[in-house]
Amino acid sequence: MSVETGAIVERFETSLAELDVAVTRTRPTAFESTLEEVVREPAVGTPLPFASVSLPAWVDARPTPATLESAATGVTAASFGIADYGSVVLPSTPEGAEQVSLFPELHVPVLRERDLIADMPTAIDRLGPRLRDGESAIVATGPSATADMGALVRGAHGPEAVHVILLEDGEVSDGE
Amino acid sequence: MSEAREEKAAYIRHLLETEGDAVAENTQGFNQGRYESVAELEEYEALKDEARAIKEDAIERLPELIDELTETVEANGGTVYLADDAADANRYIREVAAEKEADCLVKSKSMTSEELEVNEALEADGVEVIETDLGEWVLQVAEEAPSHLIAPAIHKSREEIARLFNAQFDPDEPLETAEELTTFAREWLGEHIRDADVGMTGANFITADSGTIVLVTSEGNARKTAVVPDTHVAVAGVEKIVPSVEDVAPFVELIGRSGTGQDITSYVSFLTPPVESPVVDFDDPDVPFDERDDDREFHLVLIDNGRLAMREDEHLRETLYCIRCSACANSCANFQSVGGHAFGGETYTGGIATGWEAGVYGYDSAAEFNDLCTGCSRCVNQCPVKIDIPWINTVVRDRLNREGDDGQFEFVYDELVPDEEPGGVDVQKRLFGNVETLAKLGSATAPLSNWLATLGPVRRGLERAVGVDARRPLPSFERETLRDWFERRGGHAASKERAAEPRAERGDREVVLYPDVYTNYVDVARGKAAVRVLEALGVHVRIPAVPESGRAPLSQGMVATADERASDVYAALAEHLDAGRDVVVIEPSDLAIFHREYERFLPEASCERLRKNSYEALEYIYGLLENGADPDALRTGGEEIAYHSHCQQRTLGLAPYTRSVLEYCGYDVVESDVECCGMAGSFGYKSEYYELSMDVGERLADQFTAPETKDRLVVATGTSCGDQLDDLLRRDSRHPLEVLDPATPTY
C-alpha cells in the first residue's frame, strides 16, 4: 500500500467513524469470513463486479420482492468511496442493487481500496460520463435518518445501519 | 391600532404561543449546525461563488437548456412536458395517472408539488395521494400546511405528533418515542409504497446533459418512491436545470450544510430515468429481479408558473438562483420566532419566499408577510448562492407600496413627508421613511416635542393613526444637534487644534464624521464621544451637513426616495472624498447602505469611491491603533462588558473591530451571538410587530442576564439595538464610543 493510498484509507475510515458507521478492512481471501461476521441473516445481495471476490452461496444473490422484504441484510458493490465524506457511490443495476441497498435494515457496501477517491468534485467528475451513458447512482453517506419525529432516528425508510467492507488491494511487494 | 394591524398582531401572538418554542428550537439548531459545518469547509466562499456562477449561467441560458434537457430525456426514453402553470401541470399529471389507472400515488417531498396543489387535483379524480416524507406525512395526517422549506413539520413537537398518531390510527400500544413514531410511519408508509401505481418526486437539480434527476434526501423515501412503482413522475420548476452533471458538485457540498448543518445528507440520488433498477412488483413476489424485463415510464413535468417572467424581471430574477436550502429562514431572527406560517405565503416560507410568492402567485400573496423582513441582512452571507434577499424584499415592498390608490392622503401629510413616493404609500411606512423630517421638527421644538411624546393621548393617537406602539418609548430629541454643538466649539479649525495637542506629529489626519439622523438629533452624546475619541488619537474632524442616508425610506420599501437620498449624500461628500478625507460612520445601518445598496443607486465609480473610503467608527479606530496611535489617550476604565454587535455590522464582517478595540483598551468583553436584537429600526415600533420584536429580543436579553453577564456594562453599536436593550434590560446600554471617550467618567 502506497503512502498516498494509506492516507486516503485513513481519511475514509475517520469520516466513517464520525458517521458512526462500521468499516472492516479485509484481504480478498478473508472476504467470506469477514462477511459472515458482519451480516445478519437472512441476507440478499447483488453480484460483485470484482475479480478477487464473489458473494458466498449463503447470500441470496437473486432476490425477489418477497425475499427483499424479509432480508435483514443487503450486500452490494460500491463503485467508489469518497474519503472526505465517508460516502459510498452505489450504482443502480438491473439486478436490483438500488433496492438491495435500501430495503434491509443493514446495508453492507463492498468496495476496493483502490476505488477510494479524495473528494466530492472527483466523485462527480467520475459520475459525469456514466450518467451521460444513462446510468444512475446513489451517493450514500451513513444510514438513513430522520429528525421529523422530534429526535434524530436512524432507519427511516432505508437501512438503520451500514457496515462497509473495504477490500485491500492485495499483495504488493515491498519494492513497490 | 387599526383593525388590520390588530388582526396581524393577534395572529403573530397566537403563533408565538402555539408554535414559537418548537420553531425556535429547531431553526436555531439548524442555524448553529450550519455555522459549524461551513466553518470546516475549506474554500467555502469560493464554493459559493462557483455555485452562484453556475446558477447565473443556467438562468441566462434557460430556454436553450430546456430544449437540451428535453432532447436528452426523450433520448433516454422518458417524456418531458413543459407546463405553463399549475392547472396545466396538474392536467398532465392527472392524465398520466388516469392512463395508468392509478389508485394510489406515493410522493416524496417537493415544494414545487405543493405549489401546484397536485394532491388536491389527483384526489378529485379519486387517486389516493400519500406523502412519504415523514414530516410531510405528519402534516398530511394533521391537514396542515408546511411551515418550513425542508423541515415541514418543524412547528410540531414529538408529543403533538404522538397525540395525533394515537388519535388517528389507534395503534395497539400508544406511540410515544421518536423511534416508535418513526417505525410506525415507516411501516404504514412502506405498505402504501408497495401498493402504489405511480411515484412522484421533485428534483433538487436536473442536469441537461444527461437528464439526471438529483434528489437530496436523508430518509430514503424518494429512492423508494422513484424505483418501486413502474411509473415515475418528477415535477420541477424550470430553474432547477443546470447544464451538466459536473455543475452539481458545489451544490452537493453546500446544500446540506446550508440547510440543517449536515455536511451531506444520507442520500444524494443521481437518477437518470427511466432507471435500470427493476420494478418491485409485489403482485409477482417470487420472480427474481434479474429475470424481469421492465418497461418503466418516466415523465418529467417542468413548471413555468411565472418563472420565465421572473427571469425577465431584473430584480426577481435572482430568486431563481435559490436552491431551497432554508438558510435564509433559519438565520432570520423573526423566522426563528414565528416560523413559516406567519413568515410565508401560499407555499414558500422565509426570506426568499417574498420573491417566490410574488413571482408565482402575485404580489398579494407576498404582501401577507413581506414586512417581516426587517432588512437586517443576516441571511445575506448565509445564502449559498449569494442572493441579496433583503433587496428582493425591498423591491417587492416598493411595488406593493405603489399598488395603493394615488391621492388618498391629505395635502398636509404630503408636505410633512417630502419623499419621492406616490400618494398611496401606507401612512405608517411614510412616517418611518421620513424620519429625518420628523427628527428636525422634534429637535427644533424640544423639549416640548419630548414632553408631548410621553403623553398618553398623544401615544394613543399615534398608535391609532400610524401604528406606533404605545408600549415602546419614543426617542428623545436634543435641542442642540451634534452639528450645532460641533460648530459652537469652533468647528473643524478647533478640532484640528485639539487633534494636534497630544500628537502634533500625527495631527494631519482628517475625517468626515457622518452625522446620521439619530446621532445628530437624538443620541448626540455618542457623536460627541466620537469627536473626542478621534481627536484624542490625533485625527481632526469635520461634520458637514449630509442628508439622511436613505436607510429609513429603504426599510419602508420607498426605493425612489432612497435613490434620491443616495445622490444627495454623495453630492455632499464628493468634495471631501476628492480632498482625500475618510468618512467615518457611527450607525452601522448607514455604513451598510453605503457599502451594499448604493451600488444600485450610484454610478459604479462613485459607489466604489465611497465604499473604499468610508469606515465604521470602531473599524477606523482599530486601524489607528494598529498604526501606532496610543490607546492610553482613550478611556481605559477596565469594565467588564457585554457587547452586542449590530446585524448589518456583522454582515459586513465588522463586528470584531469593536471587540478588538475594547480589548486593546483593557476591557473584558463577552459578545452576544443571537442573530438580531429584534428591533431592526422601525420594526419594533410598529404596533403589529411589537410582541414579535420583544420575543426576538428575549433571546438577546437572556444572554445578557445570564450569571456571567448580568453585572456587565451593556454595549451596543446600533441605534435600534441600544433602544431594544434598554427596553429589555433593567440597565442602560452604551455605545462603545462613549466607553472609550476620555471625557466619560467611570460608570
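Analysis parameters
- Residues numbered from 1 in each chain as written.
- Chains lettered and ligands numbered in written order.
- Predicted model: local features only at pLDDT ≥ 70, side-chain atom pairs only at ≥ 80, totals over all residues.
- Heavy atoms only, no water.
- Helix = DSSP H or I, 4+ residues; strand = E, 2+ residues; numbered from the N terminus.
- Rg over C-alpha atoms; globule rule 2.2 N^0.38 Å.
- Buried < 20%, exposed > 50% of the residue type's maximum accessible area, 1.4 Å probe, protein only.
- Contact = heavy atoms within 4.5 Å.
- Areas by Shrake-Rupley, 256 points an atom, 1.4 Å probe, with all protein chains shown as cover.
- Lys, Arg positive; Asp, Glu negative; His and termini not counted.
- Charge placed at Lys NZ, Arg CZ, Asp CG, Glu CD.
- Core = buried A, V, L, I, M, F, W, Y, C linked by side-chain atoms within 4.5 Å.
- Polar contact = N/O pair within 3.5 Å; in protein donor to acceptor, adjacent residues only side chain to side chain.
- Axes fitted to C-alpha atoms, helices over the stretch in contact; angles between N-to-C directions.
- Parallel < 35°, antiparallel > 145°, perpendicular 65-115°, else oblique.
- Nonpolar A, V, L, I, M, F, W, Y, C, P; charged D, E, K, R; others polar.
- UniProt positions renumbered as here; feature names shortened; annotations may be inferred.
- Disulfide = S-S within 2.5 Å.
- Phe/Tyr/Trp six-rings, centres within 6.5 Å; stacked < 30°, edge-to-face > 60°.
- Lys NZ or Arg CZ within 6 Å of the ring centre and 35° of its normal.
- Buried area = accessible area lost by both parts, 1.4 Å probe.
- Salt bridge = Lys/Arg side-chain N within 4 Å of Asp/Glu carboxyl O.
- Pairing = 2+ DSSP bridges.
- pLDDT = per-residue confidence, 0-100.
- Left-handed = near helix turned anticlockwise from the far one by under 90°.
- Arc of directions from axis to C-beta.

**Thoughts on the overall build of chain A**
For chain A, the count of helices and strands is five helices and 11 strands. Taking 2.2 N^0.38 as the reference for a compact globule, 176 residues should give roughly 16 Å; the C-alpha atoms of chain A span a radius of gyration of 16 Å, in line with that estimate. Principal axes of the C-alpha set define a box for chain A whose edges measure 50 × 40 × 35 Å. Every one of the 176 residues in chain A was classed for burial, and the buried ones make up 56%. Intrachain contacts of chain A at a sequence separation of at least 6 include 72% that bridge at least 24 residues. Within the structure as shown, chain A displays about 7,000 Å² of accessible surface, and the carbon and sulfur contribution to it stands at 47%. Put simply, chain A has 11 plus and 28 minus side-chain charges, and the middle of one group is 4 Å from the middle of the other.

**A short note on the nonpolar core**
Core analysis: the largest hydrophobic core is formed by 80 residues, its most contacted members being A:Val139, B:Phe270 and B:Ile387. Those residues in contact with B:Phe270 that sit more than four places away from it in its chain are A:Ile124, A:Leu127, A:Leu131, A:Ser136, A:Ala137, A:Val139, B:Thr212, B:Ile213, B:Val214, B:Val248 and B:Val252. In this structure, A:Val21, A:Ala83, B:Ala153 and B:Ala234 belong to the second largest nonpolar core, which totals 75 residues.

**Comments concerning the environment of B:Asp695**
Residues and elements named next belong to chain B. Here Asp695 is to be found in helix H35 (residues 690-704). We classify Asp695 as partly exposed; its relative accessible area is 28%. In sequence terms Asp695 and Asp568 are 127 residues apart; their C-alpha atoms lie 37 Å from each other. In this structure, Asp695 is in contact with Leu16 and Ser337, ignoring residues within four places of it in sequence. Here the side chain of Asp695 touches Ser337 through a polar contact of 2.6 Å, side chain to side chain.

**Some details on the packing of helix H1 (residues 3-18) of chain B against H35(B)**
Residues and elements named next belong to chain B. With their axes 8 Å apart at the nearest point, H1 and H35 run at an angle of 30° to one another. The orientation of H1 relative to H35 falls into the category roughly parallel. Only Glu691, Leu692 and Asp695 of H35 make contact with H1, whose side of the interface consists of Ala9, Ile12, Arg13 and Leu16. Here the residues of the contact of H1 with H35 are counted per class, giving four nonpolar, no polar and three charged.

**Re the UniProt feature "domain: LUD" (unreviewed entry) in chain A**
Taken from the UniProt record, the annotation "domain: LUD" (unreviewed entry) applies to residues 66-167 of chain A. Helix makes up 22% of residues 66-167 of chain A and strand 36%. Its end C-alpha atoms lie 30 Å apart.

**With respect to the state of the cysteines**
Residue and element names in this part refer to chain B. According to the stated counting rule, one finds zero disulfides over all chains in the structure shown. The structure places no disulfide on Cys383, whose sulfur is separated from the nearest cysteine sulfur, that of Cys325, by 6.3 Å. Cysteine Cys607 shares no disulfide, and the gap to the nearest cysteine sulfur, in Cys379, comes to 20 Å. The exposure class of Cys607 is buried, given its relative accessible area of 3%.

**Re the packing of aromatic side chains**
Tallied over the entire structure, the rule returns 19 aromatic pairs over all chains. Grouped by ring-pair contacts, the aromatic residues B:Trp137, B:Phe165, B:Phe169, B:Phe184 and B:Trp188 constitute a single cluster. Just above the ring of B:Phe282 sits the side chain of B:Arg194; from NZ or CZ to the centre is 4.1 Å. Above the face of the A:Phe103 ring, B:Lys224 is positioned so that its terminal group lies 4.4 Å from the ring centre.

**Remarks on the interface of chain A and chain B**
At the junction of the two partners, chain A supplies 52 residues and chain B supplies 63 residues. Both sides together, the interface formed by chain A and chain B hides about 4,800 Å², and carbon and sulfur atoms give 59% of it. Counting the contacts that link chain A with chain B gives six salt bridges. Where chain A packs against chain B, one counts 30 residue pairs in polar contact (both at pLDDT 80 or more). If you list the elements that add at least two residues to the side of chain A that touches chain B, you get helix H3 (65-70), strand E5 (87-91), helix H4 (97-100), helix H5 (120-132), strand E8 (137-140) and strand E9 (145-146) of chain A. No other element matches H5(A), which puts nine residues into the side of chain A that touches chain B. Sheet analysis places E8(A) next to strand E9 (residues 267-271) of chain B, joined by four bridges and oriented antiparallel. For A:Ala140, the partnering residue across the bridge sits in E9(B) and is B:Tyr267.

**Quick notes on the UniProt feature "coiled-coil region" (unreviewed entry) in chain B**
Mapped onto the present numbering, the UniProt feature "coiled-coil region" (unreviewed entry) falls at residues 41-68 of chain B. The span residues 41-68 of chain B shows a helical share of 86% and a strand share of 0%, and its end C-alpha atoms are spaced 33 Å apart.

**A word on the sheet that holds strand E2 (residues 43-45) of chain A**
Residue and element names in this part refer to chain A. Within the open sheet, the five strands sit side by side as E1-E11-E6-E3-E2. Their pairing is parallel. Whereas interior strands pair on both sides, the edge strands pair on one side only; in this sheet they are strand E1 (22-26) and E2. Looking at each pair of strands side by side, their axes are set apart by 20° on average, direction ignored. Sheet analysis places E1 next to strand E11 (residues 161-167), joined by five bridges and oriented parallel. Considered in E11, the bridge of Thr26 is made with Leu167. On top of the sheet, helix H2 (residues 31-38) reaches E1, strand E3 (73-77), strand E6 (106-112) and E11; it is set at about 170° to E11, its chief contact.

**Section: the pattern of salt bridges**
Residues and elements named next belong to chain B. Taken as a whole and judged by the stated rule, the model has 70 salt bridges over all chains. The shortest N-O distance in the salt bridge between Arg489 and Glu535 comes to 3.0 Å. Residue Arg489 is found in the loop between helix H24 (482-488) and helix H25 (491-500), and its partner Glu535 is found in helix H27 (residues 524-536); the two are separated by 46 residues along the sequence. What makes Arg489 buried here is its relative accessible area of 17%. One connected set of salt bridges, linked through shared partners, spans Glu6, Arg13, Asp469, Arg471 and Glu691.

**With respect to the side chain of B:Asn221**
Residue placement: B:Asn221 occurs in helix H11 (residues 221-227). Under the relative-accessibility criterion, B:Asn221 is labelled buried at 3%. Polar contacts involving the side chain of B:Asn221 include one to the side chain of B:Thr132, which spans 2.9 Å. Excluding anything up to four places from it in sequence, B:Asn221 contacts A:His157, B:Ser108, B:Lys109, B:Thr132 and B:Asp133.

**Focus on the environment of B:Asp49**
Tracing the backbone through its elements, the reader meets B:Asp49 in helix H3 (residues 44-60). Note: C-alpha distance between B:Asp49 and B:Val23 (26 residues apart in sequence) is 30 Å.

**Some words on the confidence of the model for chain B**
Caution applies to low-pLDDT parts of the model: their predicted coordinates are not meant to be read in detail. Residues at a pLDDT of 70 or more form 97% of chain B, whose mean pLDDT is 94. Both confidence scores are given for the complex: pTM 0.95, ipTM 0.96.

**Topic: the packing of helix H8 (residues 134-142) of chain B against helix H9 (residues 158-169) of chain B**
All names here are of chain B. The N-to-C vectors of H8 and H9 enclose an angle of 55°; their axes lie 11 Å apart at closest approach. With respect to H9, the axis of H8 lies oblique. Between H8 and H9 lies a crossing whose hand is left-handed. Side by side, H8 and H9 meet where Trp137, Val138, Val141 and Ala142 of the first sit next to Ile161, Leu164, Phe165, Gln168 and Phe169 of the second.

**Considerations on the sheet that holds strand E15 (residues 640-644) of chain B**
Residues and elements named next belong to chain B. In spatial order, the strands read E16-E15-E17-E18; together these four strands make up an open sheet with parallel pairing. Each end of this open sheet is capped by a strand with a single partner; those strands are strand E16 (668-671) and strand E18 (733-734). Pairing analysis gives two bridges linking strand E17 (residues 713-716) to E18, with the strands arranged parallel. Within the sheet, the bridge partner assigned to Val715 lies in E18 and is Arg734. On the sheet, helix H34 (residues 655-664) packs against E15 and E16 and is oriented at approximately 155° with respect to E16.

**Comments concerning H2(A)**
Residue and element names in this part refer to chain A. Regarding H2, the residues found buried are Phe31, Thr34, Leu35 and Val38. One side of H2 carries all its buried residues, which in axial view fall inside an arc of 100°. Turned more than 90 degrees away from the buried face of H2 sit Glu36 and Glu37, all of them exposed. The inward-facing, buried residues of H2 abut E1, E3, E6 and E11.

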